Amino acid sequence: MHSPSGMDLAGLIGLLVAVPAVAYLGQSGRRHTGAARRAHLLLAAGGAIATGAALAGLVTALITGHHDVPGHTRALATAVAVGMGIGTLTLLAGTVALPGAASSPAAAVRHLLDGLVIAAAVWFVGWVLISRPTRILGDATPNRCLAILLPALLMVLALGLTAVLTLHAHRPRRHTVRVAAGVTVVAAGANVLAIGICRENEGFTLASGLLLTAGLTLVAWAVRAADRPVEVSGDVLERGAAYVVMPMVAMIVALGYHLARGGAMDVLGYLGVSVVGLALVARQYLALGDVRRYTMRLRQSEAHFRELAHTDPLTGLANRRGLQEALRDEPSKAALIGIDMDGFKSVNDLRGHDVGDAVLAEVGARLRRNLLAGDVAARLGGDEFAVLMRGDTDEAVLAAHRLLAVLGEPYEVDGGSIFLSASLGVAATGELLHDADLALRYAKQRGKNRVESYQHEYDELLRRRGILTGELRHAIDRNQLHLVFQPVVALPSMRPLGGEALLRWTHPELGRVAPVEFIPVAEESGLINRIGAWVLEQACKQLAEWLANGHDIWLSVNLSPKELHNSDYAAQVADVLAEYGVPPQRLVLEVTEHAVATDMEELVRRLAELRETGVRIALDDFGAGYSSLTQLRTLPVDILKIDHALVAEPESRTGTAAPLVDVVVRLGHRLGLEVLAEGIGTPAQREVVEEAGCRLGQGSLFGWGVPAEHFESRLLSSRPSGARPLPQPRRKSSSDAPARSQVVRLGPGMRQVRALLPSDPDFATAARDQNMGSVDSGREMGQG
Ligand SMILES: Nc1nc2c(ncn2[C@@H]2O[C@H](COP(=O)(O)OP(=O)(O)OP(=O)(O)O)[C@@H](O)[C@H]2O)c(=O)[nH]1
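Residues numbered from 1 in each chain as written. Predicted model: local features only at pLDDT ≥ 70, side-chain atom pairs only at ≥ 80, totals over all residues. Heavy atoms only, no water.

Observations concerning helix 7 (residues 202-225)
1) Next: Over its 24 residues, helix 7 runs 35 Å from end to end, which matches the ideal 34 Å to within 8%, given 1.5 Å per residue.
2) Next: Where helix 7 is concerned, the buried positions are Thr205, Ser208, Gly209, Leu212, Thr213, Gly215, Leu216, Val219, Ala220, Ala222 and Val223. (Helix = DSSP H or I, 4+ residues; strand = E, 2+ residues; numbered from the N terminus. Expected span 1.5 Å × (residues − 1). Buried < 20%, exposed > 50% of the residue type's maximum accessible area, 1.4 Å probe, protein only.)

Details of the packing of helix 2 (residues 34-64) against helix 6 (residues 174-199)
1) Next: Running from amino to carboxyl end, helix 2 crosses helix 6 at an angle of 20°, the nearest separation of the two axes being 11 Å. Between helix 2 and helix 6, the angle falls in the class roughly parallel. Crossing handedness for the pair helix 2 and helix 6: left-handed. Facing helix 2, whose interface residues are Leu43, Ala50, Ala54 and Leu58, helix 6 presents Val179, Val183, Val186 and Leu193.
2) Next: Partitioned by chemical class, the residues of the contact of helix 2 with helix 6 number eight nonpolar, no polar and no charged. (Axes fitted to C-alpha atoms, helices over the stretch in contact; angles between N-to-C directions. Parallel < 35°, antiparallel > 145°, perpendicular 65-115°, else oblique. Left-handed = near helix turned anticlockwise from the far one by under 90°. Contact = heavy atoms within 4.5 Å. Nonpolar A, V, L, I, M, F, W, Y, C, P; charged D, E, K, R; others polar.)

Side note on the sheet that holds strand 6 (residues 422-427)
1) Next: The strand order 2-3-1-6-7 describes an open sheet built from five strands, whose pairing is mixed. In this open sheet, the two edge strands, each paired with only one partner strand, are strand 2 (376-381) and strand 7 (451-453). Going across the sheet, the axis of each strand differs from the next one's by a mean of 20°, ignoring polarity.
2) Next: Bridge count between strand 1 (residues 334-341) and strand 6: six bridges; the pairing is antiparallel. Across the sheet, Ile339 pairs through a bridge with Leu424, a residue of strand 6. (Pairing = 2+ DSSP bridges.)

Describing the site of the ligand
1) Next: Looking at the ligand, there are 16 residues lining it, with Gly343, Asn348, Asp357, Asp383 and Lys444 nearest.
2) Next: At a separation of 2.8 Å, an oxygen atom of the ligand approaches a polar backbone atom of Lys345.
3) Next: In the model, a nitrogen atom of the ligand is placed 3.3 Å from a nitrogen or oxygen of the His353 main chain.
4) Next: Taking 650 Å² as the accessible area of the ligand by itself, protein coverage stands at 70%.
5) Next: Of all the secondary-structure elements, those providing two or more residues to the shell around the ligand are strand 1, helix 11 (344-351) and helix 12 (353-369).
6) Next: When residues in the shell around the ligand are grouped by element, the largest group, four residues, is from helix 12.
7) Next: Classifying every residue of the shell around the ligand by side-chain character gives three nonpolar, five polar and eight charged. (Near = heavy atom within 4 Å. Polar contact = N/O pair within 3.5 Å; in protein donor to acceptor, adjacent residues only side chain to side chain. Areas by Shrake-Rupley, 256 points an atom, 1.4 Å probe, with all protein chains shown as cover.)

With respect to the packing of aromatic side chains
1) Next: By the definition in use, this model includes seven aromatic pairs.
2) Next: Residues Phe485 and Phe711 carry aromatic rings whose centres are separated by 6.0 Å and whose planes lie at 50° to one another, so their mutual orientation is tilted. Note that Phe485 is positioned in strand 8 (residues 481-490) and Phe711 in helix 26 (residues 708-717), a separation of 226 residues in sequence. Here Phe485 and Phe711 have matching classes, each one buried.
3) Next: Three or more aromatic residues joined by ring pairs make a cluster, and in this case those are Tyr442, Tyr454 and Tyr458. (Phe/Tyr/Trp six-rings, centres within 6.5 Å; stacked < 30°, edge-to-face > 60°.)

Structural data, given as C-alpha cells:
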C-alpha cells in the first residue's frame, strides 16, 4: 500500500465535499416533475458517476501504488477517464434536458450540434497550439497518455455547449448557463485528473478534486436558483447564425497559422475538421427541416388569414371580397341573387344592435341551409347578402322565391318574434354584381318583399329614381303636392260618411308622378316624415273647414311605418288636431299590414299612444297577406279595411272571395271592429259586401279621389235631413284584451284568405305578393 501524500488526501477530501452537491441534485430531481425532474436526475447521476470514478481512481492509485508501474498508470488513467467521461456525458445530457435549455428534443439536438461545431473549432485550435511546431505546453505536452483524449473531447464539447446556451437558452438564461459552466468545470476536472494520473503529478490530483467539487457545487447552486417553471419559446427564427461563422474563422486562422509555420495535419487535426464538417452538415439538414416546417406554418397562417379576409365574422359567410373571388372563379353559367332585408334598421332601433346581429346571423344560417353544393352565400355588409349559384335566370328566380319565403319566416330572438321581409334582385348575365344590385334596388322601389330579375330598363328606371329623389325634396316648397279625397260611404245607403286623403304629386316637367313611384322614394330618402306631416296638416286643415261648414264627416290619413316608429308622432298628431280644432275622433290614421309585420310590441305601443290622443286607427289592406289572427287580436285598432283585392275579384257569387269577405266581416265584427270594404268597383261587388253585413264601403263605384271642392259638392248633395251621431273612438277597456271598434278593407281570393291562416304553407308566399303602400298605395293612384 502506497502511503498517501498530503496532496492525495486533500484531493480525496475535496472530492468528498462534492457528495452533498450530488445529493442535493438527486433530491431536487425527486421533488420535481416532467422535464425538470428528468434533467435534475440526469445531473445527479452524472455528478455521482464522475465523483465515483474520480474517487475510485484516486483510491486505487493510493492503494496500488501505481507510481511504480507505467502500464498500470495508463490503464488506471483510462478507466478513470472513461468513468468520468460517462459522468460528464450524463451531466451534458442533463444540461440539455433542462427546461430552459431547449424547447424540444429537436432543439436540443440542434444545440448539441452547434456545441459540437464550437467544440471542434476549440479542439482544432487547441490541437494547433499543443502540436508541432507550436507546442505551447512544451515538454508538458501529454503525448504519451491517450486517456486524456476522452475528457479533453468532452471538455471542449461542454465548452461549446455553454457557448451555445449562453446565446440561445431561454431567458432568463443565466441559470442554464451556470449549469453548463459547472459541467464544463467538472469536465476540466476530469481532464486534469487524467493528466495527473498519467503524469503521476499530485498537484494535478488536488486540482482535479477541487475542480470537480467546484463544478458540481456550481451546478447544484444554479439548479437551486432556477427552481421555478420556465416557458420555452420554440421559434426557430430567434436563432442567429453568426456564432457558426466564428468557429470556422478560428479554425481557418489556426490552420493557416499552423501550415505557415510548417506544421502538418495528423489524426487529431483531421478529427477536429471532420467533426466540424459532419456537425455542419447535420445542422444544415436540421435547418432545412426547420425552414420546411416554418414555411408550412407560414402557408397555413397565410391560408387562415386569407380565409379571415374573405369571411364575414358575424355570419361566417363569405364577405364581399370572398364573393368577388368566387365570381372570378365561377364558370359562365352562374347567377347572382342580391338580397337586402327590408326595414332592418328598425330592428336595430327598436330592439338594439345585439338583437340586430342575432337576426343577421340567423339570416346567414338560413341562407347556408338553403344552398346547393357549389353555391356561395355572402354578406356584403349591413343587411345586404348575396347568393352565387349555378343556373340560368329562371332557376335563379325560382331559388330567389324560395329564399324570399325562407327569409320571411319570423325570427325568434331574445324571447320575441321579429317579422322581416327581404327584397331580392336576380342577375344571370352581364355584370352580375352590378345587375343584381340594380334588380334589388328595383325590388325595393317596387315596394319590397319581392323578387325582381334584372332588365335593361332598370338603368333608366333608377336614373329616374335619382331625379325623383332630387325633385321630391322641393315638392312641398314648390307647391307641387296636393291632396284628393275619396269618399267612404255607408252601406247600403251609399251616403258619404267620410273620406280618405290621398296624396298626389304633379311636377311641371315630369307631369303627374304616381304615388307608387314617389312614395317608396320618399320612404327611402327619409323625406316621408316631412311629407307625412304635411299630409296630416293639410288633411286636418281641410277637415276643420268642412266641419265648420257643417259637414258631419271624418277623414282618414295613411301613415307610413317610418312615421309610426317616430316616437314624437303621437304628440305631433295631437298638436295638429289642437291647432285646427279638429275633434280627434274625426281623424282616422291608417296603418298598413306592412307596419304590422315588423315589431309587434313596438307597434302595439305606438298605436296605443296614438289612440290615447283620441284618433281612431284603421288597419289597412287587411287580408292582403301579413296579419295573423293573433296580431289582429293584439293590435289596438278600431277599423279593419278589407283589402281591395279580396273584394275586387268575384264577379259572381260562386267565386271564392265571397265567403272570404263574409268571414272577414264577421271576424271584424266579432272582435268589435268596424269593417270597411275598399276597392268596390261594381254593383255585384257591392252586393257581396252588403250581404256579408259590411256597413262601410269605398271604391270607384262610390267615387274616385277628387279635389276638396268636388268632394264638398258631393257632401252637399247627399246631406242628410237629420243629424247623424258621430262614430265615437273606442277607449281602451279595463279588461286585458284591447278594445276594438270599426273599419276594414277586404282583399282578393284564396291567396289572401290564406294570409289569415298563418299555419298554411302558402302563407309566406301570399305575403310576398303584397306591394305595400304607405301614405298612398298603388291602386289609389289608379283611382285618382
Ligand atoms: N345589428 C347590426 N346592424 C347593422 C350592421 N351593419 C349595418 N347595420 C345596420 O343595418 C341597417 C341597414 O340599413 P338599410 O338597409 O339602409 O335600412 P333598412 O331599414 O333595411 O331599409 P331598406 O333596406 O330600405 O328596407 C343600418 O341601420 C345599419 O346601421 C351589423 O353588423 N349589425
